[in-house]
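Here are the chains, one letter per residue:
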Amino acid sequence: MEKLARKQVQALTPYLSARRIGGSGDVWLNANESPFDNTYTLEASSLNRYSDCQPPQLISAYAAYAGVTPEQVLTTRGADEGIELLVRAFCEPGEDAIVYCPPTYGMYAISAETIGVERKVVPLTDEWQLDLPAIERSLDKVKLVFVCSPNNPTGNLINRDDIIALLEMTQDKAIVVMDEAYIDFCPEASTVDLLNDYPHLAILRTMSKAFALAGLRCGFTLANEALINVLLKVIAPYPVPVPVADIACLALSKDGLERATTQIATLNENRTYLAAELKEIANVTVYSGFGNYLLIRFPNGDALFKAAWDAGIILRNSPIQDCVRISIGSREECEKTLNFIKTQLAQITA
Ligand SMILES: *Cc1c(COP(=O)(O)O)cnc(C)c1O
């Protein structure tokens with residue numbers, strides 16, 4: 001069967017999501033999910049009818065939340081589908097290329113590889129910022145430049161001046177895709193205000209992280225109307241199931257937004273607490289993080305990751321030497337994890 005698949009698909013290693021990696025335990029801090037399990041009550045009706053391609057209520061609710069016009073919003077099955085649509089709509093397989101800047105989110109590369117689009121890798125600098133001269137040298141054939149801020153897994157923000165310089169550099173050449181999956185934890189860092197000046201800017205958003213709706217599969221692409229119209233050409237006819245749109249609208253209602261604001265504040269406090277406590281431990285480096293996760297360097301990160309795994313504390317190992325990414329859970333989950341690290345680290349790294 002494998003031989004019948006496209007060559008590109010035969011060669012593909014699928015994205016190893018936290019879910020696919022598995023694990024067992026009672027502390028799950030590996031997928032940047034929210035610890036808050038909010039409940040929603042729906043009137044299931046009109047399920048005999050197809051959904052709107054772009055449910056107007058959902059589009060206007062998110063536009064109001066993001067501070068853009070409804071024409072600047074596209075909703076998709078998670079931000080991941082937004083990534084795929086951008087690659088499919090803008091990159092000619094076997095001809096065009098994308099640029100991405102590791103260490104960063106894995107799906108830009110996977111989407112490009114699946115579709116047969118060249119991947120140009122321009123690593124972040126030692127400070128995990130954009131290497132603008134190297135990006136400029138790589139722009140030949142490039143249609144999309146992916147930038148993640150707060151960056152996953154490092155947690156830092158990309159300098160706004162550099163984003164503007166990148167937008168200037170790519171004008172009339174390529175689209176800059178800002179992945180703002182975690183921006184709700186630091187909304188002041190959003191680039192949404194730059195949409196007015198840059199028609200080649202696209203911003204990815206999601207309900208999966210701060211809105212605690214990873215299982216809902218609802219994301220957004222913000223961009224100017226001309227760019228959105230291109231994506232609308234390649235999107236599936238009914239991408240958003242009726243109950244998904246209904247739940248997302250409830251999450252974006254006045255009450256929903258108030259609850260999200262409280263939960264975001266709690267998670268930011270828990271992150272501050274976890275960072276402060278980890279900093280007290282010898283030989284542990286805590287990188288400053290702006291999302292609902294922290295990247296931590298341990299004397300032996302792999303051993304720490306495995307020992308935590310065996311103890312039922314599921315964290316995310318990272319491609320960065322000795323670094324482990326810890327999602328911010330409830331206070332109790334933070335405490336359990338801290339306790340484990342405090343009591344076990346000496347033995348693990350001995
Ligand atoms: C989680 C995540 C996404 C995907 O979000 P979904 O809406 O769940 O598809 C996109 N980008 C980054 C950086 C993420 O961490």
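Residues numbered from 1 in each chain as written. Predicted model: local features only at pLDDT ≥ 70, side-chain atom pairs only at ≥ 80, totals over all residues. Heavy atoms only, no water.

### Here we look at the packing of helix H4 (residues 78-90) against helix H8 (residues 225-234)
Okay, step 1: Their axes nearest at 9 Å, the elements H4 and H8 cross at an angle of 90 degrees. Comparing the axis directions of H4 and H8 gives the class roughly perpendicular. When H4 is examined against H8, the residues Leu-85, Leu-86, Arg-88, Ala-89 and Phe-90 are found in contact with a partner set consisting of Leu-227, Val-230, Leu-231 and Val-234.
Okay, step 2: For the contact of H4 with H8, the class distribution of residues is eight nonpolar, no polar and one charged. (Axes fitted to C-alpha atoms, helices over the stretch in contact; angles between N-to-C directions. Helix = DSSP H or I, 4+ residues; strand = E, 2+ residues; numbered from the N terminus. Parallel < 35°, antiparallel > 145°, perpendicular 65-115°, else oblique. Contact = heavy atoms within 4.5 Å. Nonpolar A, V, L, I, M, F, W, Y, C, P; charged D, E, K, R; others polar.)

### Some details on the packing of aromatic side chains
The geometry of an aromatic ring pair is captured by the separation of the ring centres together with the interplanar angle, meaning the angle of the planes.
Okay, step 1: All told, the structure shown has nine aromatic pairs when counted by the stated rule.
Okay, step 2: Arranged with centres 3.8 Å apart and planes meeting at 10 degrees, the rings of Tyr-62 and Phe-220 form a pair that is stacked. Of this pair, Tyr-62 sits in helix H3 (residues 56-66) while Phe-220 is found in strand E8 (residues 219-223), placing the two residues 158 residues apart along the sequence. Neither residue differs from the other here; Tyr-62 and Phe-220 are each classed as buried. (Phe/Tyr/Trp six-rings, centres within 6.5 Å; stacked < 30°, edge-to-face > 60°. Buried < 20%, exposed > 50% of the residue type's maximum accessible area, 1.4 Å probe, protein only.)

### Regarding the site of the ligand
Okay, step 1: By nearness alone, 13 residues border the ligand, and Ala-79, Asp-179, Tyr-182, Thr-206 and Lys-209 come closest of all.
Okay, step 2: Within the side chain of Thr-206, one N or O atom sits 2.5 Å away from an oxygen atom of the ligand. (Near = heavy atom within 4 Å. Polar contact = N/O pair within 3.5 Å; in protein donor to acceptor, adjacent residues only side chain to side chain.)

### Section: the UniProt feature "domain: Aminotransferase class I/classII large" (unreviewed entry) in the chain
Okay, step 1: Taken from the UniProt record, the annotation "domain: Aminotransferase class I/classII large" (unreviewed entry) applies to residues 32-340.
Okay, step 2: The span residues 32-340 shows a helical share of 38% and a strand share of 17%, and its end C-alpha atoms are spaced 19 Å apart. (UniProt positions renumbered as here; feature names shortened; annotations may be inferred.)

### Notes on the pattern of salt bridges
Okay, step 1: On inspection of all chains with the given rule, the structure shows 10 salt bridges.
Okay, step 2: Asp-96 is the salt-bridge partner of Lys-143, the closest N and O atoms lying 3.0 Å from each other. Pair noted here: Lys-143 is in strand E5 (residues 142-148) and Asp-96 is in the loop between H4 and strand E3 (97-100), with a separation of 47 residues, a long-range link.
Okay, step 3: The class for Lys-143 is partly exposed, based on a relative accessible area of 31%.
Okay, step 4: You can call Asp-96 buried: its relative accessible area is 10%.
Okay, step 5: A salt bridge links Arg-119 to Glu-113, with the shortest nitrogen-to-oxygen separation between them at 3.6 Å. (Salt bridge = Lys/Arg side-chain N within 4 Å of Asp/Glu carboxyl O.)

### Examining the packing of helix H11 (residues 301-310) against helix H12 (residues 331-349)
Okay, step 1: Where H11 contacts H12, the axes come no closer than 10 Å and their chain directions differ by 125 degrees. When the interaxial angle is binned, H11 and H12 end up oblique. The interaxial crossing formed by H11 with H12 has right-handed handedness. Contact with H11, carried on its side by Ala-303, Leu-304, Ala-307 and Ala-308, involves Phe-340, Ile-341, Leu-345 and Ile-348 of H12 and no other residues of that element.
Okay, step 2: Broken down by class, the residue content of the contact of H11 with H12 amounts to eight nonpolar, no polar and no charged. (Left-handed = near helix turned anticlockwise from the far one by under 90°.)

### Digging into the sheet that holds strand E9 (residues 285-286)
Pairing between sheet strands relies on hydrogen bonds along the backbone, with the strands arranged either parallel or antiparallel.
Okay, step 1: Reading across from one edge, E9-E10-E13-E12 is the order of the four strands in this open sheet, with antiparallel pairing throughout. Each edge of the open sheet is held by one strand with a lone partner, namely E9 and strand E12 (316-317).
Okay, step 2: In this sheet, strand E13 (residues 323-327) lies alongside E12 in antiparallel orientation, the contact comprising two bridges. The partner of Asn-317 across the bridge, within E13, is Val-324. (Pairing = 2+ DSSP bridges.)

### Quick look at the side chain of His-200
Okay, step 1: Residue placement: His-200 occurs in the loop between strand E6 (175-179) and strand E7 (201-206).
Okay, step 2: For His-200, a relative accessible area of 8% gives the class buried.
Okay, step 3: In this view, His-200 contacts Leu-167, Thr-170, Gln-171, Ala-174, Ile-175, Val-176 and Leu-227; residues no more than four positions away in its chain are not counted.

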